[in-house]
Structures are given as structure tokens and as C-alpha cells.
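Listed below, chain by chain, are the residues.
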Amino acid sequence: LMMHLKRFQFDPERVEMVKLNSKFEFGKEIDMSKWVADAGEYVLHSVVVHSGDVNGGHYYSFVRPRLGTESPEADDWVLFDDEQVCRVPEEAAVQDTFGGFH
């Protein structure tokens, strides 16, 4: 399951598109059966982040590449940002990507 949140909208006062930077919290698990019968529960595998504004920017992602395996590193998060690939704490991958002010 992949979910993409639209974080841009048209601002009629400014007569232009604007990026929504408000805080949006999400959990590491979601039970979709609240909205779709027998859909079940999904576990967060990755987060894609856009840095910039509506006219341009940069995307990077946080992924748990071993999720669902028997590996002791199954819950480890990895940052993929162009040439930089490194392990990061869960906080950097999840809580720090909620947007808004911390």
C-alpha cells in the first residue's frame, strides 16, 4: 500500500499554488479496515520527503529495507539522499518528517 499526501494547494488570496507546511502526524501502523472492509493492517516501510517549494526542490527517502525479514536489522531506517546512504534513528525518519514546527 502506498499513500501520497497532497501537500500543495491553490491560495486564492495570493493567486498561486503554495506548499502546505503544517504538521501532519502519522503512525508506524495503520488499520485500513476502518475505511475498507477486510483491508487489514499495514506497517510503515518508507517515507518520502520533499524539501523546497512548489516551484522546485529535492526529494529524499527513508526506508526500512529489511522490514519483514528475520534480520536483527529489520527495524533499522536508512536515508537515501542522492549520493548519501546511511543509517538514521527512527526519530529522523518518522517524527522529524511530520512537518510544521518542532
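### A closer look at the environment of Val43
Part 1 of the reasoning: Among the structural elements, Val43 can be located in strand S4 (residues 41–43).
Part 2 of the reasoning: The sequence separation of Val43 and Leu1 amounts to 42 residues, and the corresponding C-alpha distance is 9.3 Å.

### Observations concerning the pairing of strand S7 (residues 77–81)
Note on strand geometry: in a regular strand, side chains alternate between the two faces of the sheet.
Part 1 of the reasoning: Of all five residues making up S7, four are buried, and the element is well covered by its neighbours.
Part 2 of the reasoning: One ladder, built from five bridges, connects S7 with strand S8 (residues 84–88); its direction is antiparallel. Note on S8: the bridge partner recorded for Leu79 is Cys86.
Part 3 of the reasoning: Between the antiparallel neighbours S7 and S8 lie two residues, among them Asp82 with a positive phi of about 50°.

About the thresholds
- Residues numbered from 1 in each chain as written.
- Predicted model: local features only at pLDDT ≥ 70, side-chain atom pairs only at ≥ 80, totals over all residues.
- Heavy atoms only, no water.
- Helix = DSSP H or I, 4+ residues; strand = E, 2+ residues; numbered from the N terminus.
- Buried < 20%, exposed > 50% of the residue type's maximum accessible area, 1.4 Å probe, protein only.
- Pairing = 2+ DSSP bridges.

The values are spatial; any link to function lies outside them.
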